[in-house]
Amino acid sequence: MKDLVGDGGDRHPAPLTHSQSSARERIMKRFDNRTVIVTGGARGMGASHARGFVAEGANVVIAAKAEQQGRRLADELGDHAIFSRLDVTSDADWEATMAAAHTAFGPVSVLVNNAGVLRYDPIADTEPAAWRQVIDINLTGTYLGIRAVVPSMRQAGGGAIVNISSEGGMRGVFGVASYVASKWGVRGLTKTAALEFARDNIRVNSIHPGPVRTPMTAGPDAAAYAAITVRDAAASAESLITDFAIPRMGEPEEITRLVLFVASDEASFSTGSEFIADGGQLLGPIPGSDGGRG
């Protein structure tokens, strides 16, 4: 039986020397000495992104409102991470976060606009204040982040902005109008920003995750969403995706790998683009599956 990896030759190649291992480790680090800001970086997908960037050699600013969790994560990651308290809707907080990044690490090369909020209410039941909260955090917060970081990226000679939208930014989703509207807005904002900052050597792209196992999707709100969409209070977020091509929720690390690629020089020919990681949800259900309607 041939090896699955390699050229079918020696099954037990000589181990790498220490110098070879060190050289390979250096090559693999795509963000050496680059400064990265991750909003909503204290937990969930944001924390996964922060860990991923540090592992790739970056200096990371964990920017979030969850101060205790954010400081704990920064301590875990060591000298290559700091915490900055950030309400993404606050100009003053953005100014302070940019100052903290410059003081600790220098000009910013990468911004991941990850902070977001999700509310489960049909349009007729959504109060205007609740609507504005979602739009302010998800869409206006992304705009404020782009606006705040561009001068620093110009100083750095360019950079990459990664806006976390959603597969809900590609279609309609029953019962989450404010969220869907905000994520469509992020998609459009991404494309306009890509045009406006192209000559500054700043790439701007959006990532559209499907359901991912995070505190936002695994908590009690997910059960409320299930009740809205399938009229079954006993349904869970997991049950909603069993008839799709990849019948499970995504893990934060799977989205992180895509974020790292899109932010890196490996994606140097991509800007204003949508990168989808939704387990095939946009394809629709598979006919004949347990939960399918085909």
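**A look at the overall build of the chain**
So, point 1. Check the secondary structure of the chain and you find 9 helices and 7 strands.
So, point 2. Here the chain holds 294 residues, and 46% of them are scored as buried.
So, point 3. Summarising the internal contacts of the chain: among those between residues at least 6 apart in sequence, 69% fall at separations of at least 24.

**Here we look at the pattern of salt bridges**
So, point 1. Scanning the entire structure with this criterion turns up 13 salt bridges.
So, point 2. One salt bridge in this structure joins Arg171 and Glu167, with 2.5 Å as the shortest N-O distance.
So, point 3. For Arg171, a relative accessible area of 27% puts it in the partly exposed group.
So, point 4. In this structure, Arg213 engages Glu251 in a salt bridge whose closest nitrogen and oxygen atoms are separated by 3.0 Å. With a gap of 38 residues between them, Arg213 in the loop between β6 (202–209) and α7 (215–218) and Glu251 in the loop between α8 (220–230) and α9 (252–263) connect regions that are remote in the sequence.

**Some thoughts on the packing of helix α4 (residues 91–104) against helix α5 (residues 128–156)**
So, point 1. Direction vectors running N to C along α4 and α5 enclose 30°, while the axes themselves pass 10 Å from each other. It follows from the interaxial angle that α4 and α5 lie roughly parallel. Pair α4 / α5 crosses with right-handed handedness. Facing α4, whose interface residues are Asp91, Trp94, Met98 and His102, α5 presents Gly141, Leu144, Gly145, Arg147, Ala148, Val149, Ser152 and Gln155.

**A closer look at the packing of aromatic side chains**
So, point 1. Within this structure, the stated rule accounts for 2 aromatic pairs.
So, point 2. Between Phe31 and Phe53, the aromatic rings sit 4.9 Å apart at their centres with planes inclined by 70°, giving edge-to-face as the arrangement. Residue Phe31 is located in the loop between α1 (18–28) and β1 (35–39), and its partner Phe53 is located in helix α2 (residues 44–55); the two are separated by 22 residues in the primary sequence.
So, point 3. On the basis of relative accessibility, which here comes to 0%, the residue Phe53 falls in the buried class.
So, point 4. Arranged with centres 6.4 Å apart and planes meeting at 75°, the rings of Phe261 and Phe275 form a pair that is edge-to-face. Residue Phe261 is located in helix α9, and its partner Phe275 is located in strand β7 (residues 274–277); the two are separated by 14 residues in the primary sequence.

**Concerning the confidence of the model for the chain**
So, point 1. In the predicted model, the chain carries a mean pLDDT of 87, and the fraction of residues at 70 or more is 80%.
So, point 2. Of the regions scoring below 50 in pLDDT, residues 1–13 engages in 4 contacts with residues more than four places distant in sequence or in other chains.
So, point 3. Of the regions scoring below 50 in pLDDT, residues 220–235 engages in 27 contacts with residues more than four places distant in sequence or in other chains.

**Describing the nonpolar core**
So, point 1. One finds Phe53, Val60, Ile62, Val112 and Ile207 to be the most contacted residues of the largest nonpolar core, which totals 31 residues.
So, point 2. The set of elements that each furnish at least two residues to this core consists of β1, α2, β2 (59–64), α3 (67–77), β3 (81–85), β4 (108–113), β5 (159–164) and α9.
So, point 3. The element best represented in this core is α9, accounting for 6 residues.
So, point 4. Look past the residues within four positions of Phe53 in its chain and what remains in contact with it is Phe31, Val36, Val38, Ala58, Val60, Val110, Val112, Val259, Leu260 and Ala263.
So, point 5. Counting 23 residues, the second largest nonpolar core, distinct from the first, contains Leu86, Leu111, Ala193 and Ala194.

**Concerning the packing of α2 against α9**
So, point 1. Between α2 and α9, whose axes approach to 9 Å, the crossing angle comes to 50°. Classified by the angle their axes make, α2 and α9 are oblique. As for the relative orientation of α2 and α9, their crossing is right-handed in sense. Mapping the contact onto sequence places Gly44, Met45, Ser48, His49, Gly52 and Phe53 in α2 and Pro252, Glu253, Ile255, Thr256, Val259, Leu260 and Ala263 in α9.
So, point 2. Grouping the constituent residues of the contact of α2 with α9 by class yields 7 nonpolar, 5 polar and 1 charged.

**Here's the deal with the sheet that holds β6**
So, point 1. Here we have 7 strands laid out as an open sheet, ordered β3-β2-β1-β4-β5-β6-β7, and parallel in their pairing. Edge positions in the sheet fall to β3 and β7, since each has one partner strand and no second. On average, each strand axis in the sheet is inclined to that of its neighbour by 20°, with strand direction left out of account.
So, point 2. The pairing of β4 with β5 spans 4 bridges and is classified as parallel. The residue of β5 that forms the bridge with Asn113 is Asn163.

Definitions and limits used
Residues numbered from 1 in each chain as written. Predicted model: local features only at pLDDT ≥ 70, side-chain atom pairs only at ≥ 80, totals over all residues. Heavy atoms only, no water. Helix = DSSP H or I, 4+ residues; strand = E, 2+ residues; numbered from the N terminus. Buried < 20%, exposed > 50% of the residue type's maximum accessible area, 1.4 Å probe, protein only. Contact = heavy atoms within 4.5 Å. Salt bridge = Lys/Arg side-chain N within 4 Å of Asp/Glu carboxyl O. Axes fitted to C-alpha atoms, helices over the stretch in contact; angles between N-to-C directions. Parallel < 35°, antiparallel > 145°, perpendicular 65-115°, else oblique. Left-handed = near helix turned anticlockwise from the far one by under 90°. Phe/Tyr/Trp six-rings, centres within 6.5 Å; stacked < 30°, edge-to-face > 60°. pLDDT = per-residue confidence, 0-100. Core = buried A, V, L, I, M, F, W, Y, C linked by side-chain atoms within 4.5 Å. Nonpolar A, V, L, I, M, F, W, Y, C, P; charged D, E, K, R; others polar. Pairing = 2+ DSSP bridges.

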